[in-house]
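Analysis of the macromolecular model
Read off the chains here:
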Amino acid sequence: MNQYSKRREALLYHAKPHPGKIQVVPTKKYATQRDLSLAYSPGVAEPCLEIAKDVNNVYKYTAKGNLVAVISNGTAVLGLGDIGPEASKPVMEGKGLLFKIFADIDVFDIEVDTKDVDKFIETVKNIAPTFGGINLEDIKAPESFEIERRLVEELNIPVMHDDQHGTAIISSAALLNAIELAEKNIEDVKVVVSGAGSAALACANLYLLLGVKAENITMFDKDGMLVKSRTDLLSIQQKYAKEGKAISLAEAIKGADVFLGLSVGNILTPEMLLAMNPNPIVFAMANPVPEIDYNLAIATRDDIIMATGRSDHPNQVNNVLGFPYIFRGALDVRATVINEEMKMAAVRALAELAKAPVPEQVNIAYGETKLNFGRDYIIPKPFDPRLIAVVAPAVAKAAMDSGVAMHPINDWDKYTEELLERLGNDNKMVRLLTNRAKTDPKRIVFAEADHLDVLKAAQIVHEEGIGKPILLGSREIIEELMQEIDFTDEVTIIDPKTDEEKVRRSRYAEAYWQARQRRGLTQLDAQKWMRERNYFAAMMVNEGEADAMVTGYSRSYPAVVKPIMQLIGKAPGVTRIATTNMMMTKRGPIFLSDTAINPDPSADDLAKIALMTARTVRMFGMEPVVAMVSFSNFGSSSDRSANKVREAVAFLHKNYPELIVDGEVQADFALNPDMLKDKFPFSKLAGKKVNTLIFPNLESANITYKLLKELNKVVSIGPIMLGMDKPVHIFQLGASVEEMVNMAAVAVVDAQEKEKRLKIAKTR
């Protein structure tokens, strides 16, 4: 994507369909006059009076306890510098979005139009009663140090400047584990720091708390080594200034154990890296270009332990590992401050989590067979769902132990459950899905690439590294549309109808005819069908000239399924294909089957659909908990439809006892574990969180998924084909660009899985 295209896409993202990235959403009923009289006058007077009696009641009756202010004056925005408060607002909204999706914390972003330290502090203090916490952001040094120090001292709610402390906390966790792996003594390690800004100073300060000796830290800024004789140093930098004459970075690095880079790219050379002690620890965190290229570093020394700020290399030091969960823990115990004990608790929690067995969901997301604590895994991955349940409680406990918690937690098991429940309302699974696809992108045919939205989806798939698109359709139209959307990268374009493709078309037709000549297909018919894009695309996959295909945007589902079934067919051992939709609901992902293929499946079919769906759920790193739904509960009706569901469940219980499945059960009971446990305690689903629903017929499944999608604006991924021999997936007619990108990611992951299974089968 060229710079102009990136700029336009970024601007459109922020402008459409509504300007900005966050909004206020009511949390109480407001349908009737009675509701409104409780929400506002006269009912609102009652909580006002209760808060007037005891100010702490503000946490009981308002949103203060889950509300953080992200505050900036726009003086140090990203790498853009002092661009002003209004120009900083998109960044502050973005930080608010991260708070919400990772820790379910609500945010108001506040942009303050002053560079005067006293006025800024006064403004924040005056609005502080609104909030449960303050996140300072993008404020230039040295003012940021003074602002944070005074606000921490003068306010009784948590305050943290994430630019300083976020990187410090994450890199400190990485340092603890790296030192353990390198078998070094933290009190003896020599640390060279390139950079002397707020993040570098905060890192060094935490390193001291970990046990690093101040005399073993040598720090550099853009003007060279920090030494006592320099007159341009801030008071907080003086702490790391050395006596005597300044030396170069190359000289300082000789015999060093740790290099911490928070400066500029390519400042650390291979020669300098070779001069470090055995098992060097290198944190090269300049972005987007690290102080030394990752591949160059590991090629230079095979004993290196390295972290960067980039997501495409191991050990990403990413602030999102810290700030959402630190504030979550602080808010939940109503901490009056985020103190050093709480920061260190976060450090140690992150370090310990990296040593714990990694959930399959995380392995799948990152395309790993098995992530294990080691040189390439010294800190958790940002998509690890355990972060909120590990870091937030550690921070909360530290707040209680250090005496700054106003609302202690007594039931930690219940608190952990509540934290995990908070994760259900975002689209983490979409991020996991696309991230996994990126680990091993596959060649994917877009059979209708001469439609603008399909081409937009292919462009995103290409530019995000999700897959390698092959564009089918009229070359003239595709190239014209590509120019319109600034899709300028080199990609494969194929028009099946042209003379240019005559040889390949004939080869495909011959293979198709050989496969179906005894099923009524003539050679002439085969030649004719190879001019049709879906047949041609399917043969590309069959012949190994593409890894997967997606189609269906411009034609009805039945019309597209027919050629796919004729050319691709079912996987070995599969007698019935089906589809499932993954719905990204507020309670987490729920799979609905069968949403597109089987109008009235038999009991045997339902059992097979349940098994195929369960396999797909596991493909996404989740353990299936399957409810076979009906209008009946466990024999309350003898209707044919209820009976076949009951028969399918009996078959599954007998032959697949390890699968958590039950029914027939009504949908509300299936989705309400407490209600199910109360009324039907014998059920295998009692007390469990159902994530898979198998419907008795196509009608009920299709209606349900489309109602969820339209009424609740639930993101839908699917229909995902189940039981096919090759990775082929079909869009719904008129699917959105987002839906097509998601389905393309599914096709890539499906191709990865099928390739993996094939390799395993060959080794047996």
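The structure this text deals with has already been given above.
This write-up is about the structure you can find in this document. Since the structure is predicted, the reported quantities are computational estimates derived from the model, not experimental observations.

1. A word on unusual backbone geometry
The residue after Ser 41, namely Pro 42, is reached through a cis peptide bond having omega 5°. Positionally, Pro 42 belongs in the loop between α2 (33-39) and α3 (45-53). Along the chain, Gly 663 connects to Glu 664 via a cis peptide bond; the corresponding omega equals 0°. Of note, the phi angle at Asn 279 is positive, near 50°, even though the residue is not glycine. As for its placement among the helices and strands, Asn 279 is situated in the loop between α12 (270-274) and β9 (281-284). Of note in this structure, Arg 334 is not a glycine but carries a positive phi near 50°. Relative accessible area serves as the criterion here: at 23%, Arg 334 is assigned to the partly exposed category.

2. Some words on the layout of surface pockets
Size it by volume and the second largest pocket reaches roughly 1,200 Å³. Looking at the second largest pocket, it is lined by 42 residues, and the ones nearest its centre are Ala 571, Arg 615, Met 724, Lys 754 and Arg 757. Contributions of two or more residues to the lining of the second largest pocket are made by α24 (533-542), α26 (603-619), β20 (715-722) and α31 (737-763). Here the element with the most residues in the lining of the second largest pocket is α26; it accounts for nine residues.

3. Some thoughts on the side chain of Arg 301
Tracing the backbone through its elements, the reader meets Arg 301 in the loop between α13 (294-300) and β10 (305-308). Within polar-contact distance, the side chain of Arg 301 engages the side chain of Asp 303 at 3.0 Å. What Arg 301 contacts, discounting residues up to four positions off in sequence, is Leu 273, Leu 274, Met 276, Asn 277, Pro 278, Asn 279 and Pro 280.

4. Topic: the pattern of salt bridges
Here the idea is simple: oppositely charged side chains can pair when their charged atoms come close. For the structure shown, the criterion picks out 47 salt bridges. Note that Lys 125 is salt-bridged to Glu 154, the shortest N-O span being 2.7 Å. Highlighted residues: Lys 125 in helix α6 (residues 117-127) and Glu 154 in helix α7 (residues 143-154), separated in sequence by 29 residues.

5. Re the packing of helix α8 (residues 162-182) against helix α9 (residues 198-210)
With their axes 8 Å apart at the nearest point, α8 and α9 run at an angle of 45° to one another. Taken together, α8 and α9 sit at an angle that is classed as oblique. Considering the relative orientation of α8 and α9, their crossing is right-handed. Packed against α8, whose contacting residues are Asp 163, Gln 164, His 165, Thr 167, Ala 168, Ile 169, Ser 171, Ser 172, Leu 175 and Leu 176, the element α9 presents Ser 198, Ala 199, Ala 202, Cys 203, Leu 206, Tyr 207 and Leu 210 at the interface. Broken down by class, the residue content of the contact of α8 with α9 amounts to ten nonpolar, six polar and one charged.

6. As for the nonpolar core
The nonpolar side chains of soluble globular proteins are, as a tendency, buried together. Among the nonpolar cores identified, the biggest contains 85 residues, and Leu 175, Ile 281, Phe 283 and Met 342 are the most heavily contacted of them. Residues within four places of Phe 283 in sequence aside, it is in contact with Ser 171, Ala 174, Leu 175, Ala 178, Tyr 207, Phe 259, Leu 260, Gly 261, Ala 307 and Ile 378.

7. Considerations on the packing of α8 against helix α15 (residues 340-353)
Here α8 crosses α15 at 45°, and the two axes come no closer than 8 Å. Compared by their axis directions, α8 and α15 come out oblique. Of the two possible hands of crossing, α8 and α15 adopt the one that is right-handed. On α15, the residues touching His 165, Ile 169, Ile 170, Ser 172, Ala 173, Leu 176 and Asn 177 of α8 are Lys 343, Ala 346, Val 347, Arg 348, Leu 350 and Ala 351. Residues belonging to the contact of α8 with α15 are distributed by class as follows: eight nonpolar, three polar and two charged.

The rules behind the values
- Residues numbered from 1 in each chain as written.
- Predicted model: local features only at pLDDT ≥ 70, side-chain atom pairs only at ≥ 80, totals over all residues.
- Heavy atoms only, no water.
- Helix = DSSP H or I, 4+ residues; strand = E, 2+ residues; numbered from the N terminus.
- Buried < 20%, exposed > 50% of the residue type's maximum accessible area, 1.4 Å probe, protein only.
- 1 Å grid on protein atoms, 1.4 Å probe; cavity = no way out; pocket = protein on both sides within 12 Å on 5 of 7 lines; lining within 4 Å.
- Points joined across faces, edges and corners; volume = space filled by probe spheres on them.
- Polar contact = N/O pair within 3.5 Å; in protein donor to acceptor, adjacent residues only side chain to side chain.
- Contact = heavy atoms within 4.5 Å.
- Salt bridge = Lys/Arg side-chain N within 4 Å of Asp/Glu carboxyl O.
- Axes fitted to C-alpha atoms, helices over the stretch in contact; angles between N-to-C directions.
- Parallel < 35°, antiparallel > 145°, perpendicular 65-115°, else oblique.
- Left-handed = near helix turned anticlockwise from the far one by under 90°.
- Nonpolar A, V, L, I, M, F, W, Y, C, P; charged D, E, K, R; others polar.
- Core = buried A, V, L, I, M, F, W, Y, C linked by side-chain atoms within 4.5 Å.

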